[in-house]
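# A structural walkthrough
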Amino acid sequence: MAIYIGFDSSTQGLTAVAIDVRGGVREVVFAEVLNFDAGWPEYGTHHGVVPSDDPLVALAPPLVWVDALERMMGELARGVDLSSVRAIAGSAQQHGSVYLARGATAMLGSLDPGRALADQLRPLLSRAMSPIWRDASTTTECREIAAAMGGAQAVASLTGSRPFERFTGPQVRRFATREPDAYARTERIHLVSSFLCSLVVGASAPLDPGDASGMNLMDLAARQWSDAALDATAPGLRDRLPPIVPSDRIVGRLAPYWRQRYGWPDVAVTVWSGDNPCSLIGTGLVRPGTVAVSLGTSDTVFGVMAAPSVDTSGTGHVFGAPTGEYMGLTCFQNGSLARERIRDLYGLDWDGFSRALASTPAGNRGRVLLPWFEPEITPLVLTPGVRRFDLAPDDVGGNVRGVVEGQMLALARHSSWMGVEIATIRATGGAAVNRDLLTVMADVFDADVYQCDTRNSAALGAALRAWHADAGASRRPRGWDDIVRGFTDPLASSRVVPDPSRVAVYRTLRARHAACELAALGA
Ligand code: XUL
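Residues numbered from 1 in each chain as written. Predicted model: local features only at pLDDT ≥ 70, side-chain atom pairs only at ≥ 80, totals over all residues. Heavy atoms only, no water.

## Focus on the environment of A31
- On the secondary structure map, A31 appears in strand β3 (residues 27-35).
- According to the relative accessible area criterion, A31 is partly exposed, its value standing at 47%.
- Excluding anything up to four places from it in sequence, A31 contacts A16, V17 and N456. (Helix = DSSP H or I, 4+ residues; strand = E, 2+ residues; numbered from the N terminus. Buried < 20%, exposed > 50% of the residue type's maximum accessible area, 1.4 Å probe, protein only. Contact = heavy atoms within 4.5 Å.)

Right under this line is the structure:
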């Protein structure tokens, strides 16, 4: 009897997935999503972020994540055979940080099952709002950290990434410098993943190397905090950070709060991780060679690396992978929100979007769109604004094709640093349901594209991590190939094959896309 549960607290909502692995069975028995904006309008979030006049600022209220966790624990108690649940793990949007005040850690162990969790957490925060991965306000701090550590490339060699605006270290530095009193009151700085895991276990939870490597603070080779990075970031930081433990570590048992309030049994809890490391498992990428493209709020391209080959162009990241190896990743901020902006700008629905895409030729007759509606991470763009080249703003088809081709060409060009010969791509994330979009992906990358579980790959990956950790802890270890089998096998019927004539068009368009990007960046 074994059910494993995986959460994913993403930018816009909380997903939970339960998998049943009893006997020969391998199936998903529960999958549900709670949307933050719709479920908790009182927090005033838009796409999970509190609206700001400054386009570089992206803050979210951590209590909405707490409310969602609480509601989901209740839904799971009603929807799943709790007596069969063996372990829980979770995934969360990466880089975002939660600040707990002095005394908070002790309070986590004595939460009152008679009261809502968010009400009890509110007084424990030393910072009411959490900066999240969409925040780009820390360019000054990135420069200061780089200068203190011998340059951006030195930071990349040590931590896996040059200082990035959204990474937690630069965010902590900004907080410590601008709000020194609140920083002094801060006992513990968690990532979203370790914060939610702490609530689940009722104690301050550690981080795993997958999420900790998104902070510019971890020595990637040692998988431990780097003194040089901590010293360059903020005073007294080591004492404020949780420890880092391997990704398959059971970090505690479900807190009494959940057992008494919702009737949960005594269940093991595995360390949580970031959504991209969890998606790596949830798309079945447990060996080097294949990559996944996730088309979600952020678009990301990632794959397993046997050795950490750090990007010298300054766009990519190397994170710890849950398998114990490494993963390469490039992230784009203008993902689904940019596709939605174009859809809405021309009054289309998704069918209309697809029809407009189909009505225009591959290569868009050389017309190029750079979809920087929001500040962009790759390449770094701090002054948002969509850029069009030979493309009229009123050309509906041209703009629809422009956003899709602009995104796919950027994904392909800015992932070449990983040095992977990409023959096959696993596509995931909400937009991966659209086969017209996947056709452009296959042609731009000149690779076969398979659809994976498009909505739940991070939560599924977390559930599979829970199983892997529980099997190891119970002295019945299972290899990763065995763990993912039957859950992540790409459907042969979903295969999209590249078309040689269109591949040739995109090969030519790559150079033009690169030139447009350089021109737009003023280089
Ligand atoms: C990755 C990144 C995003 C978030 C989104 O580096 O910033 O993919 O993890 O949830």
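So that's the structure; there's more coming.
## Examining the state of the cysteines
- In the structure shown here, the tally under the stated rule is zero disulfides.
- We note that C278 lacks a disulfide partner, and the nearest cysteine sulfur, in C197, lies 11 Å from it.
- You can call C278 buried: its relative accessible area is 0%.
- Note on C452: no disulfide assigned, nearest cysteine sulfur contributed by C278 at a separation of 15 Å.
- The exposure class assigned to C452 is buried, which follows from its relative accessible area of 10%. (Disulfide = S-S within 2.5 Å.)

## A few points about the nonpolar core
- One finds W225, L237, M408, I425, M441 and F445 to be the most contacted residues of the largest nonpolar core, which totals 75 residues.
- Counting residues per element, this core draws most heavily on helix α16 (residues 396-413), which supplies eight residues.
- When residues of this core are assigned to domains, at least three map to each of domain 1 (3-277) and domain 2 (284-451 + 491-523).
- Aside from chain neighbours lying at most four places away, what touches L237 is V172, Y183, I189, L217 and L230. (Core = buried A, V, L, I, M, F, W, Y, C linked by side-chain atoms within 4.5 Å. Domains from an automatic or database assignment.)

## Regarding the domain arrangement of the protein
- Domains assigned within the protein are domain 1 (3-277) and domain 2 (284-451 + 491-523).
- With centres defined by C-alpha atoms, the gap from domain 1 to domain 2 works out at 28 Å.
- With 32 residues of domain 1 at the interface, the matching set in domain 2 holds 33 residues.
- Here domain 1 packs against domain 2, burying approximately 2,500 Å² in sum over the two surfaces, 57% of which is carbon and sulfur.
- There are one salt bridge connecting domain 1 and domain 2.
- Among the ionic pairs, E374 bridges to R134, the shortest N-O distance being 3.7 Å.
- Here domain 1 is connected to domain 2 by ten residue pairs in polar contact (both at pLDDT 80 or more).
- Mapped by element, the contributors of at least two residues to the side of domain 1 that touches domain 2 are α6 (152-159), α10 (209-212) and α13 (275-282). (Buried area = accessible area lost by both parts, 1.4 Å probe. Salt bridge = Lys/Arg side-chain N within 4 Å of Asp/Glu carboxyl O. Polar contact = N/O pair within 3.5 Å; in protein donor to acceptor, adjacent residues only side chain to side chain.)

## Description of the environment of L411
- Position of L411 among the secondary structure elements: in helix α16.
- Residues L411 and R253, spaced 158 residues apart in sequence, show a C-alpha to C-alpha distance of 40 Å.
- Discounting chain neighbours no more than four positions away, the residues touching L411 are V293, L295, D299, T300, V301, F332 and F445.

## Describing the environment of S336
- Take S336: it is sitting in helix α14 (residues 336-345).
- A relative accessible area of 13% means that S336 is categorised as buried.
- When the C-alpha atoms of S336 and G429 are compared, they prove to be 9.2 Å apart, with 93 residues separating the residues in sequence.
- Residues within four places of S336 in sequence aside, it is in contact with Q12, G296, T297 and D299.

## A few points about unusual backbone geometry
- A cis amide bond, omega -10°, links T378 with the succeeding residue P379.
- The topology assignment puts P379 in the loop between β18 (368-370) and β19 (387-389).
- The phi dihedral of D390 is positive, around 55°, even though this residue is not glycine.
- Residue position: D390 is located in the loop between β19 and α16.

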